[in-house]
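Coordinates in review
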There are 2 protein chains.
Amino acid sequence: MNLKQLAAHLNLSQTTVSRALNGYPEVNEQTRKRVMEAAQALNYAPNARAKGLATGRAMTIGHVIPFSHQHQMMNPVFGDFIAGASDEYVKAGYDMTLSMTGDRDEEENYRRLKAKGNVDGIIVHGPSMRDGRIPFLRQLGLSFVVHGRATELDLPYSWVDMNNTHAFQRATDFLLDLGHRRIALINGLEFMDFAYRRRVGFEQALTARGTGPDPRYMSAGEMTESYGFESAARMLALPDRPTAMITSSVIAAIGIRRAIHAAGLEMGRDISVITHDDDLSFLRNGPDVPIFTATRSSVYEAGRIAATMLLAHIADPDLPAQSRLLEAQLIIGGSTGPVPQDTR
Amino acid sequence: MNLKQLAAHLNLSQTTVSRALNGYPEVNEQTRKRVMEAAQALNYAPNARAKGLATGRAMTIGHVIPFSHQHQMMNPVFGDFIAGASDEYVKAGYDMTLSMTGDRDEEENYRRLKAKGNVDGIIVHGPSMRDGRIPFLRQLGLSFVVHGRATELDLPYSWVDMNNTHAFQRATDFLLDLGHRRIALINGLEFMDFAYRRRVGFEQALTARGTGPDPRYMSAGEMTESYGFESAARMLALPDRPTAMITSSVIAAIGIRRAIHAAGLEMGRDISVITHDDDLSFLRNGPDVPIFTATRSSVYEAGRIAATMLLAHIADPDLPAQSRLLEAQLIIGGSTGPVPQDTR
DNA sequence: GGGAGCTTCCAAAGCGCTTCGATATCTTTC
DNA sequence: GAAAGATATCGAAGCGCTTTGGAAGCTCCC
């Protein structure tokens, strides 16, 4: 069923039917109603490609997600982000396409995406500190919003990010207030912007109290359970082991918890742990009482905000770059406590 | 840059340029080369919408993923599945679109997808035992492949699934061989086909040894960490607590591990645990030595297979329904051991 | 009663591509 | 050397939609 057939069926011209369906004013309300009903009954939906060709708008948003084939690693945050974004797309009548991109030929990927014309805008995931995609996309003239930021770039562009620095500063301060002095940071890969910023927040808090960060208590790696375990195990084996640890994801925190148990210690009593919690749907930090004390910021929500921002930019390309900095909550769970007396 | 401009630039007709680019034989190799180079240099890529309109093929595959807004739950398996599928799509020049669908208006969603014509086929995720989508899609005449199966449906359709029944049967047998008799099943929601089949495998193994399944040792729910924790904690509090537990996901297994520790017991010694492991990239079951004894089947691989199958179906719609049953490996990790003497 | 001003509808062009059918040029064959 | 075949190219139609620029039919008012 296409427009032509529908029009013939209704004894109307394609023009009128099209206008009726798209809400143009110059069509009699009664005919519009008739058209709408017929469309419904005959199960008509305009062909998206034809529509796109005619209007020049694809009505779809692209998500380009970096998938390292080297590490075969898919960021678990991604699913929830997309779920949030999707909610907004659906409301606005947009579709969503995904493309995984290897570490190579990133730019080519974006260029083709634009040339093929099947997206009106894209969301950039997982920016590094000096992410080459951002200047490239600006120059390409494709609307985009970054989930995260690129610290070293001084260009206007739109982004949605959580305040990583502040969150980790607060987390560190919280531990310092509890009397901890030997605080470890088990961070993500630090060429990733979010991880870099978290380290900065961590270091600032320590420095402000006259405690320099100790490299033995710091590690950076891909946020897996075993990474958390190994980093923590190594640090716990030190003669002056840390009394508290901060980490970047719940998954790593779970590994840390395992290492703490394996060392015969108890989390929250012997060793305090704070994690960042992206509030992932399949990895809730406890049902009501949180397991881990955490800095929490919903990545689902970030997805919604980024989508809304991008749609606004597409609607009005002259809009100046927007940004939104989300503050993480510091929620207290069972994984933190005062520094144990004997190790003070 | 469009075809017309490119053709003008080359002093050729659109026809010839189009044919050169699409590998038709009736064009001089020298001109083809010239065209290819110009396209490369001028950064030309055919407009996907126009191409789709002309050919009637969208060159994109749709993934419809059920997102329960009620539970706000996104299946973590999804990311890796898609990464696998995407690998195949890229090779074949296909794009991928995602649509999340609420619990309502599923059918409407598929119908529109078809009517709008922006997919050539779809992958159906998370089938329930009597999934209404399957007969509906068949009748709709849209190519599709199901990730999983619908036990109660007796229709030909294409699917890729792992042998859930057999995997859980083997896992149960393995525990029985170790002397365990009180074995618990901490399963997913059992209207989901995979969970139902796993229960069947579990029960079959028990029955074969003359041990009927005990409802006190069985639970079904959404596979979260806290669900694993609570189910396990409840069972461990029983006067005759289970000596072993089988569960459907690593995330739940982590919760079970926590419950075991909380009860002052040790996993692998006091309580054995086997989990199913989807081999998710961000949730590896230990780097080399697996933490959990597990039935393992890569969902990334399932994605690749499903994609290949769907592409074959699209290429030749007359192909009969295909299917592929993947056997899970049973890998031995540190979470299982012989039944403790005192509880035998 | 006849333009002015609305309202309501339509014909046709155009979006960027593929592809059918035709044409022009060059070889081959008897 | 003309017919036949092979090779390389082109013109134009058509995919299903939107949208511009009318046009037809009304009402209205002097």
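Here's a quick rundown of the structure. Here the structure is a predicted model, which means the values were calculated and not measured. (Residues numbered from 1 in each chain as written. Chains lettered and ligands numbered in written order. Predicted model: local features only at pLDDT ≥ 70, side-chain atom pairs only at ≥ 80, totals over all residues.)

A look at the overall build of chain A
Quick note on the threshold: Secondary structure is summarised from DSSP: a helix means a run of H or I of at least four residues, a strand means a run of E of at least two, and numbering begins at the N terminus for each. Here a residue counts as buried when 20 or more other C-beta atoms sit within 10 Å of its C-beta, as exposed when there are 12 or fewer, and as partly exposed otherwise, the C-beta atoms being derived from the backbone. Contacts here follow a simple rule: the backbone-placed C-beta atoms of the two residues must lie within 7 Å.
The number of helices and strands found in chain A is twelve helices and twelve strands. Evaluated residue by residue, chain A yields a buried proportion of 51% over its 344 residues. Here the contacts in chain A between residues at least 6 apart in sequence split such that 69% fall between residues at least 24 apart.

Examining the nonpolar core
Where we set the bar: We call a set of buried Ala, Val, Leu, Ile, Met, Phe, Trp, Tyr and Cys residues a nonpolar core when their C-beta atoms link them within 7 Å.
Grouped together as the largest cluster of nonpolar side chains are 169 residues, with contacts concentrated most on A:I256, A:A306, B:I256 and B:A306. Sort the elements by how many residues they give to this core and helix α12 (residues 299–315) of chain B lands first, with ten residues. For A:I256, the contacting residues outside a window of four places in its chain are A:I186, A:G228, A:F229, A:A232, A:M245, A:T247 and A:V273.

Here we look at the protein's contact with DNA strand D
To keep it simple, the criterion reads: Each residue receives a C-beta atom built from its backbone; the residue is near a molecule or strand if that atom lies within 6 Å of it.
DNA strand D sits among 26 residues. The nearest are A:N2, A:L3, A:S18, A:A50 and A:A54. Residue assignment for the surface near DNA strand D shows that the elements contributing at least two residues are α1 (3–10), α2 (14–21) and α4 (48–55) of chain A together with α2 (14–21) and α4 (48–55) of chain B. Looking at which element gives the most residues to the surface near DNA strand D, the answer is α4(A), with five residues.

Comments concerning the protein's contact with DNA strand C
Operational definition: Gly counts as polar in this scheme, as do all residues outside two lists: the nonpolar Ala, Val, Leu, Ile, Met, Phe, Trp, Tyr, Cys and Pro, and the charged Asp, Glu, Lys and Arg.
Neighbouring residues of DNA strand C: 26 residues in total, closest A:S13, B:N2, B:L3, B:S18 and B:A54. Secondary structure elements with two or more residues in the surface near DNA strand C: α2 and α4 of chain A together with α1 (3–10), α2 and α4 of chain B. The element contributing the most residues to the surface near DNA strand C is α4(B), with five residues. Residue composition of the surface near DNA strand C, by class: nine nonpolar, 13 polar and four charged.

Structural notes on the packing of α2(B) against helix α3 (residues 29–42) of chain B
Residues and elements named next belong to chain B. Filter applied, for reference: With axes taken as lines fitted to C-alpha atoms, and helix axes fitted only over the stretch in contact, angles between N-to-C directions fall between 0 and 180 degrees. Should an angle fall under 35 degrees it is taken as roughly parallel, and over 145 as roughly antiparallel, whereas 65 to 115 is taken as roughly perpendicular and any remaining angle as oblique.
Relative to each other, α2 and α3 sit at 85 degrees, their axes nearing to 9 Å. Taken together, the axis directions place α2 and α3 in an arrangement best described as roughly perpendicular. Between α2, through T16, V17, A20 and L21, and α3, the contact on the second element is made entirely by T31, R32, V35, M36 and A39. For the contact of α2 with α3, the class distribution of residues is six nonpolar, two polar and one charged.

With respect to the interface of chain A and chain B
Between chain A and chain B, the contact holds 45 residues from the first and 45 residues from the second. Considering every element that reaches the side of chain A that touches chain B, the biggest residue donor is helix α5 (residues 77–92) of chain A, with six residues. Partitioned by chemical class, the residues of the side of chain A that touches chain B number 22 nonpolar, 15 polar and eight charged.

A word on the sheet that holds strand β10 (residues 293–296) of chain B
Residues and elements named next belong to chain B. Note the following rule: Two strands qualify as a pair provided that DSSP identifies no fewer than 2 bridges between them.
Strand order in the open sheet formed by six strands is β7-β6-β8-β9-β10-β12, and the pairing between neighbours is mixed. Strand pairing shows two members of the sheet lacking a second neighbour, β7 (218–220) and β12 (329–331), which therefore form its edges. Here the average twist between neighbouring strands, direction ignored, is 15 degrees. As defined by bridge partners, strand β8 (residues 244–247) adjoins strand β9 (residues 272–277) across four bridges and the pair is classed as parallel. Residue T247 lies in a different strand from β9, and its bridge partner there is T275. Relative to β9, helix α11 (residues 250–262) is tilted by about 160 degrees, and along the sheet it contacts β6 (183–187), β8 and β9.

Overview of the relation of the copies chain A and chain B
Inclusion rule: In superposing the copies, a least-squares fit is computed on C-alpha atoms, taking residues whose pLDDT is at least 70 in both.
Overlay of chain A on chain B (RMSD 0.1 Å): rotation 180 degrees, translation along the axis 0.0 Å. Those values place the two copies in the arrangement expected of a two-fold rotation axis. When C-alpha positions in chain A are compared against the rotation axis, the closest is assigned to A:T97, at 2.0 Å.

Side note on helix α10 (residues 225–236) of chain B
Residues and elements named next belong to chain B. In plain terms, the rule: Every helix has an expected span of 1.5 Å times one less than the residues it contains.
Its twelve residues place the ends of α10 16 Å apart at the C-alpha level, agreeing with the 16 Å of an ideal helix rising 1.5 Å per residue. Counting buried positions along α10 gives nine out of twelve residues, so the element sits mostly inside the fold. Buried residues in α10 make contact with β6, β7, β8 and α11.

Regarding unusual backbone geometry
For A:N43, which is not a glycine, the phi torsion comes out positive at approximately 65 degrees. Notably, B:M59 is not glycine yet its phi reads approximately 55 degrees, a positive angle. Following the sequence through the fold, B:M59 ends up in the loop between α4 and β1 (60–66). Judged by the 19 C-beta atoms lying within 10 Å of it, B:M59 is partly exposed.

Here we look at the sheet that holds strand β8 (residues 244–247) of chain A
Residue and element names in this part refer to chain A. Taking strand neighbours across the sheet as the criterion, the six strands line up as β7-β6-β8-β9-β10-β12 in an open arrangement whose pairing is mixed. Looking at which strands have only one partner, the edges of the open sheet turn out to be β7 (218–220) and β12 (329–331). Between one strand axis and the next, the sheet turns through 15 degrees on average, direction left out of account. Sheet topology places strand β10 (residues 293–296) next to β12; three bridges connect them, and they run antiparallel. What sits directly across from A294, in β12, is I331. Helix-sheet contacts for helix α9 (residues 193–208) involve β6 (183–187), β7 and β8, and the interaxial angle to β6 is about 170 degrees.

Points about the pairing of strand β4 (residues 143–147) of chain A
All names here are of chain A. Most of β4 sits inside the fold, with five of its five residues counted as buried. Here strand β3 (residues 121–124) pairs with β4 via four bridges, running parallel. Residue pairing for β4: G121 is matched across the bridge by S143. Pairing of β4 with strand β5 (residues 158–162), which is carried by three bridges, proceeds in the parallel orientation. From the neighbouring strand, V146 faces β5, where its bridge partner is W159.

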